[in-house]
Every structure is written in C-alpha cells, then in structure tokens.
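# Results of the structural survey
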Amino acid sequence: MLRPQPFEREGVEWSRPTFVGREDRPLVLVTLGTVVNVLSLLSDVIGAVTASADVNVIVTFNTQENADAAQVDRGRVQPVGFVPLSQLLKGVSMVVSDGGAGTVLSAMSQGLPMVILPLIADQPLNAERVAHTGAGVSVKGAPEIGTATQRVLGEPSYHNAAQRVAEQIAAMNSPEDVLTLLLQRAGLSA
C-alpha cells in the first residue's frame, strides 16, 4: 500500500495567520478543494462554523483575489488563496471540507478529524468512509456543519479515531519505497 501524503510544493512561502487575543481557540481549516469553489456555499459553511463554535478559521479560496475580497470577520477568519495542504494542516484541530480525496487522505494522514459536506464525484463515498472509521461526520447541508463541528471538537472519540487512522497510514509504504519496489520488479534496479 502506498502512503498518502499532503501535497507539498517547493517555493510556496506562507505564514500562518495570527488571531490576536484568540490564540487559545481551536483552529479549523475550511476548504472546498480546488474543483468546487461556490463562493456562496463557502460563505454559508464559514457562517455555520463560526456561529456555533468559538474557533479560529483558515478558509481556502481558489484564487488569492477571491480570498482578498472575502467578506468575513478577519479577527476570527483568515482567507487564503492556494497554499499546499502540507502547510495548511500544521496546527489545525480539525478540517471541514467537501470530502475530496486529496483533502481527506491528507487530513487522515495527519490524524485530523473532519466534518464533510460531500458535493460531487467520489466525495459521498469518502465522507461515508471517514464516518465509518469514527474520524468524522458527514453532513447533508451547510446548516448542519455548525453542530457537527461542535461535536467533533467536543468529543475526543473523533480525534482518537483520526489518530488511529493516521497510525495505519504511517505504517504504509512511502512513495520512495513503492518506487524502489516497482523498479526492482521491473528489473530496472538492483
């Protein structure tokens, strides 16, 4: 099995935003990935998270221009354009997403519980699998996200399940190990 890893890109410089006077609050990453970026839905998701939980939020937008134009409470919500997940996931308490494979595998590899609002393609299946592990909750609409966020942050069972999944992922072969194995089997290396 090949171990999934969060996307990284050399040369992308990003500094985690600060939440002055709110450093003790949980940090939630909200992302609808790179495929779906319906700004009205993203606004509804942010509103649901911040209305029901006293958290800090980093929210991803498909472009920096959309992030800069976002109408949010900048004291609690920091919009960003494209930033590799390897950087975004550091220091996060949980992830709220649409359940895209890259986001789900990255969050699970880091032991982060999730709230998932599946929208298209494989997302419903991904959400179902995360919920089945106990590492997150699947919701049917943006209004449910607030309550689900409170539950995931408040019940340690979600964090514990996400940590168990991360341990299973960590036991998988690294991409380098898989490449070496494939090259050996193809007779291209010693």
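This section reports on the structure supplied with the text. (Residues numbered from 1 in each chain as written. Predicted model: local features only at pLDDT ≥ 70, side-chain atom pairs only at ≥ 80, totals over all residues. Heavy atoms only, no water.)

### Some remarks on the sheet that holds strand β1 (residues 27-31)
Pairing is parallel across the open sheet formed by 6 strands, whose spatial order is β3-β2-β1-β4-β5-β6. Each edge of the open sheet is held by one strand with a lone partner, namely β3 (77-80) and β6 (136-138). Between one strand axis and the next, the sheet turns through 15° on average, direction left out of account. For strand β4 (residues 94-97) and strand β5 (residues 114-116), the ladder comprises 3 bridges, and the chain directions are parallel. Counted as the bridge partner of serine 97 is isoleucine 116 from β5. With respect to the sheet, helix α4 (residues 101-109) is in contact with β1, β4 and β5, its orientation differing from that of β5 by roughly 165°. (Pairing = 2+ DSSP bridges. Helix = DSSP H or I, 4+ residues; strand = E, 2+ residues; numbered from the N terminus. Axes fitted to C-alpha atoms, helices over the stretch in contact; angles between N-to-C directions. Contact = heavy atoms within 4.5 Å.)

### What about the side chain of arginine 22?
Relative to the helices and strands, arginine 22 is located in the segment before β1. Residue classification places arginine 22 among the buried residues on the basis of a relative accessible area of 12%. Only 2.9 Å separates the side chain of arginine 22 from the side chain of aspartate 54, close enough to count as a polar contact. Each residue touching arginine 22, except ones within four places of it in the same chain, is listed here: Asp54, Val55, Asn56, Gly75 and Arg76. (Buried < 20%, exposed > 50% of the residue type's maximum accessible area, 1.4 Å probe, protein only. Polar contact = N/O pair within 3.5 Å; in protein donor to acceptor, adjacent residues only side chain to side chain.)

### Some thoughts on the packing of helix α1 (residues 39-52) against helix α6 (residues 145-154)
The axes of two packed helices give the description: the angle between them and the distance between them. The N-to-C vectors of α1 and α6 enclose an angle of 50°; their axes lie 7 Å apart at closest approach. Relative to α6, α1 is oriented oblique. Crossing of α1 against α6: the hand is right-handed. Touching Val45, Ala48, Val49 and Ser52 of α1 are Ile145, Gly146, Thr147, Thr149 and Gln150, all from α6. A per-class count over the contact of α1 with α6 returns 4 nonpolar, 5 polar and no charged. (Parallel < 35°, antiparallel > 145°, perpendicular 65-115°, else oblique. Left-handed = near helix turned anticlockwise from the far one by under 90°. Nonpolar A, V, L, I, M, F, W, Y, C, P; charged D, E, K, R; others polar.)

### Some points on the packing of α4 against helix α7 (residues 156-170)
The geometry of α4 relative to α7 is characterised by a closest axis approach of 7 Å and an angle of 95° between their N-to-C directions. With respect to α7, the element α4 is oriented roughly perpendicular. On α7, the residues that touch Leu105, Met108 and Ser109 of α4 are Ala162, Val165, Ala166 and Ile169.

### Things to note about the environment of arginine 3
If you trace the backbone, arginine 3 turns up in the segment before β1. Note on arginine 3: relative accessible area 23%, which makes it partly exposed. C-alpha of arginine 3 to C-alpha of proline 175: the two residues are 172 residues apart in sequence and 6.6 Å apart in space. Setting aside residues no more than four positions away along its own chain, arginine 3 makes contact with Ile169, Ala170, Met172, Asn173, Ser174 and Pro175.

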